[in-house]
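Listed here are the chains, written in short residue letters.
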Amino acid sequence: MAVLDNQPTPAAQPNLDAYTASADLPRSPDQSAHESSSGQHRFEEDAEEPTGTILSSSINLANTILGSGMLSMSNAIASLGLVFGSLVVLFSACTSGLGLYLLSRCARRTPGRDSSFFSVSKLTYPRAAVVFDAAIAIKCFGVSISYLIIFGDLMPEIIEALGIHMQVLLARNFWITLAIVALVPLTFQRRLDALKYTSFTALIAVAYLFVVVAVFYFNPLRTPLPPGDVVMFRWSRDFFTHLPVFIFAFTCHQNIFSVYNELRDNSSKQVNGTIALSIGSSCGMYQWIGILGYLTFGSNVAPNLLTMYDNSLAITICRLFIAINVLFSYPLQCHPARKCLDKVISEMVSFWKKDTDFEALPSEETNITDIPVTDAATTAPVVHVMSLTKHVSITIALLLTSGLQSLSAIYRHAIRRPAIRRRATHRHAIRHHRRAIRRRAIRRHAIHRRAEDQRRDDDGHRHAIRRHAIHHHANV
């Protein structure tokens, strides 16, 4: 990608002036007060100095990447073979890193520190900006629901393994409700960098899983696998079944713009270092857990790696750490979902009111090449273009909606469970009946074949006796 000079050319200066004048750049207090009184500026801007570093940003991105998908990586590698599966993991990491790099380059064409998918879409496909943000919001919302469901499934198992039989603590609805309450102070954070401590705690849980998998593999008392159970390359239709595991293993792109905005030094070197550190460490973690899990249990490894181990205290603690990991990953999905929903709502309101002031970025006629791009750090502060009322209302809506959806999903599953069991029993009975019919048909066919063979043998024997009698009569 070509990088232009820091100083725009005289020909490009008029377009740049129009661009920066309409953009959501930080303004002086007098200018902001004048715009608020005149009604031209419709948002409450809250400017803050960037506080992110390579380490804190990499921790947040790595926590966004590493989730419960680690437990299914061994099964995915087993379906492709040791070498082929490892190469697919590495390829997925490289393509994900390339996508993050391209998004960071796109962020440099947006003014100040308010880059987002919406602002980039306004530079390329302005009419599709709302569609892009809506898709990202739906994706993050769905992932957040899955985190709550996983947390609600894990905690009763942990409580039961610890020997606690209180009925309240064994209810998944209780743990999901408790998770929603505990996540309130985290989801209301305006900056992604404020979640670095919880993300670090979640990565400690990942490190514990890292150690547990290694200890069980290098245990000298481990039962060795039969010869040929571990293969280097394997190709089957299961590749397409496990392909989503590799594709979504390194998904963190929804937070790259927040990382770019909040980095204290968001020069290209620092942003690229953040991407390399987060993707590289996550790839190493996936490779370690996936390969050692496959080498420990072979081709029989389950989609959930923890179910292959005995229910010891170490595995119970590992389940607890995984629950903490998915719990602290919820705010990392709520943050981009809130920002995207804000853009979608604002655009819909402006469209309804026929207001064009919301389109702060250039229109379709603006030449994108006229926008100067530099690899240096951005000196502008972080600008939160969202009113406090919208921030609170959207966050509460996300918390309540995801919580209710998780509870309803569990309730629907509990209601459907007897019917599912009945259908499974019915299908099993039908399969058993069909197999019995098939076996009887095969048995009848075998009996018929033996009877036919016996008849042919008897006919051949009679013909032989007749030929012998004719030959003997002719000789006499």
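Here the structure is a predicted model, which means the values were calculated and not measured. (Residues numbered from 1 in each chain as written. Predicted model: local features only at pLDDT ≥ 70, side-chain atom pairs only at ≥ 80, totals over all residues. Heavy atoms only, no water.)

Asks: So, the overall build of the protein chain: which residues are in play, and what are the values?
Replies: Scanning the protein chain from N- to C-terminus turns up 15 helices and 2 strands. Within the protein chain, the fraction of its 476 residues that count as buried is 42%. For the protein chain, the proportion of contacts with a sequence separation of at least 24, taken over those separated by at least 6, is 87%. Surface summary for the protein chain: the accessible area is close to 25400 Å², and the carbon and sulfur share equals 64%. (Helix = DSSP H or I, 4+ residues; strand = E, 2+ residues; numbered from the N terminus. Buried < 20%, exposed > 50% of the residue type's maximum accessible area, 1.4 Å probe, protein only. Contact = heavy atoms within 4.5 Å. Areas by Shrake-Rupley, 256 points an atom, 1.4 Å probe, with all protein chains shown as cover.)

Asks: Talk me through the side chain of Thr316; I want residue IDs and the actual numbers.
Replies: Along the chain, Thr316 turns up in helix H14 (residues 313-352). Among the polar contacts made by the side chain of Thr316, one reaches the main-chain carbonyl oxygen of Ser312 at a distance of 3.0 Å. (Polar contact = N/O pair within 3.5 Å; in protein donor to acceptor, adjacent residues only side chain to side chain.)

Asks: Pulling in residues and values, what's your account of the pattern of salt bridges?
Replies: Inspection of every chain in the model, using the stated rule, returns 8 salt bridges. Put simply, Asp193 and Lys196 hold a salt bridge, and the shortest N to O gap is 3.6 Å. Note on Asp193: relative accessible area 3%, which makes it buried. A salt bridge links Lys390 to Asp342, with the shortest nitrogen-to-oxygen separation between them at 2.5 Å. (Salt bridge = Lys/Arg side-chain N within 4 Å of Asp/Glu carboxyl O.)

Asks: Before we move on, can you summarise the environment of Asn75 with the specific residues and values?
Replies: Locating Asn75 in the fold gives a position in helix H4 (residues 73-80). If near-sequence neighbours (up to four positions away) are discounted, Asn75 is found in contact with His242, Val301, Ala302 and Pro303. Among the polar contacts listed, one links the side chain of Asn75 to the backbone oxygen of Val301, at a separation of 3.0 Å.

Asks: Tell me what's going on with helix H7 (residues 129-161), and back it up with residues and numbers.
Replies: A rise of 1.5 Å per residue sets the reference length of H7, with its 33 residues, at 48 Å; its end C-alpha atoms lie 48 Å apart and thus fit the reference within 8%. Looking at the residues trailing H7, positive phi occurs at Gly163, about 85°. (Expected span 1.5 Å × (residues − 1).)

Asks: Explain the packing of H4 against helix H11 (residues 238-247) to me, using residue names and the numbers behind them.
Replies: If you want to describe how two helices pack, look at the angle between their axes and the distance between the axes. Where H4 contacts H11, the axes come no closer than 9 Å and their chain directions differ by 145°. Seen along the crossing, H4 lies across H11 with a hand that is left-handed. Where H4 approaches H11, its residues Met73, Asn75, Ala76, Ile77, Ser79 and Leu80 are matched on the opposing element by Asp238, Phe239, His242, Val245 and Phe246. Classifying every residue of the contact of H4 with H11 gives 7 nonpolar, 3 polar and 1 charged. (Axes fitted to C-alpha atoms, helices over the stretch in contact; angles between N-to-C directions. Left-handed = near helix turned anticlockwise from the far one by under 90°. Nonpolar A, V, L, I, M, F, W, Y, C, P; charged D, E, K, R; others polar.)

Asks: Tell me about a nonpolar patch on the surface, and name the residues and values.
Replies: Together, Val83, Leu87, Leu90, Met232 and Phe233 give the surface a local cluster of nonpolar side chains, amounting to about 450 Å² of exposed area. For Leu90, the position within the fold is in helix H5 (residues 82-107). For Leu90, a relative accessible area of 41% corresponds to the partly exposed category. (Patch = residues over 30% accessible without salt bridge, like charges linked within 9 Å, V, L, I, M, F, W, Y side chains within 5 Å.)

Asks: Go over the packing of aromatic side chains, please, and point to the residues and values.
Replies: According to the stated counting rule, one finds 14 aromatic pairs in the structure shown. Ring centres of Tyr217 and Phe218 lie 4.8 Å apart, and the angle between their planes is 75°; on these two criteria the pair is classed as edge-to-face. Relative accessible area serves as the criterion here: at 55%, Phe218 is assigned to the exposed category. Between Phe297 and Tyr309 the ring centres are 5.1 Å apart and the planes differ by 75°, which places this aromatic pair in the edge-to-face class. (Phe/Tyr/Trp six-rings, centres within 6.5 Å; stacked < 30°, edge-to-face > 60°.)

Asks: Hey, could you go over helix H10 (residues 196-217) for me, with residue numbers and the actual values?
Replies: For H10, with 22 residues, the first-to-last C-alpha span of 32 Å sits near the 32 Å given by 1.5 Å per residue. Within H10 the residues assigned to the buried category are Thr198, Ser199, Ala202, Leu203, Ala205, Val206, Leu209, Val212, Val213 and Ala214. As for H10, its buried residues are in contact with helix H3 (54-65), helix H9 (184-187), helix H13 (268-297) and H14.

Asks: A description of a positive patch on the surface should follow, citing residues and the corresponding values.
Replies: Taken together, the side chains of Arg427, Arg431, Arg434, Arg435, Arg438, Arg439, Arg440, Arg443 and Arg444 make up a positively charged region of the molecular surface. Locating Arg434 in the fold gives a position in helix H15 (residues 388-475). Under the relative-accessibility criterion, Arg434 is labelled exposed at 53%. (Lys, Arg positive; Asp, Glu negative; His and termini not counted. Charge placed at Lys NZ, Arg CZ, Asp CG, Glu CD.)

Asks: Which residues make up the confidence of the model for the protein chain, and what are the values?
Replies: The predicted model of the protein chain has a mean per-residue pLDDT of 80, with 79% of residues at 70 or higher. By mean pLDDT, helix H2 (residues 29-38) is the weakest element of the protein chain at 36, and H3 is the strongest at 94. Note on residues 1-45: pLDDT under 50 across the span, and 64 contacts to partners over four residues away in sequence or across chains. Counted against residues more than four places away or in other chains, residues 357-365, with its pLDDT under 50, gives 23 contacts. (pLDDT = per-residue confidence, 0-100.)

Asks: Quick one: what's the story with the packing of H3 against H14, residue by residue and with numbers?
Replies: With their axes 9 Å apart at the nearest point, H3 and H14 run at an angle of 110° to one another. In terms of their interaxial angle, H3 and H14 are classed as roughly perpendicular. Both H3 and H14 take part in a crossing whose hand is left-handed. Touching Asn60, Asn63 and Thr64 of H3 are Asn325, Phe328, Ser329, Leu332 and Gln333, all from H14. Of the residues that constitute the contact of H3 with H14, the class distribution is 2 nonpolar, 6 polar and no charged. (Parallel < 35°, antiparallel > 145°, perpendicular 65-115°, else oblique.)

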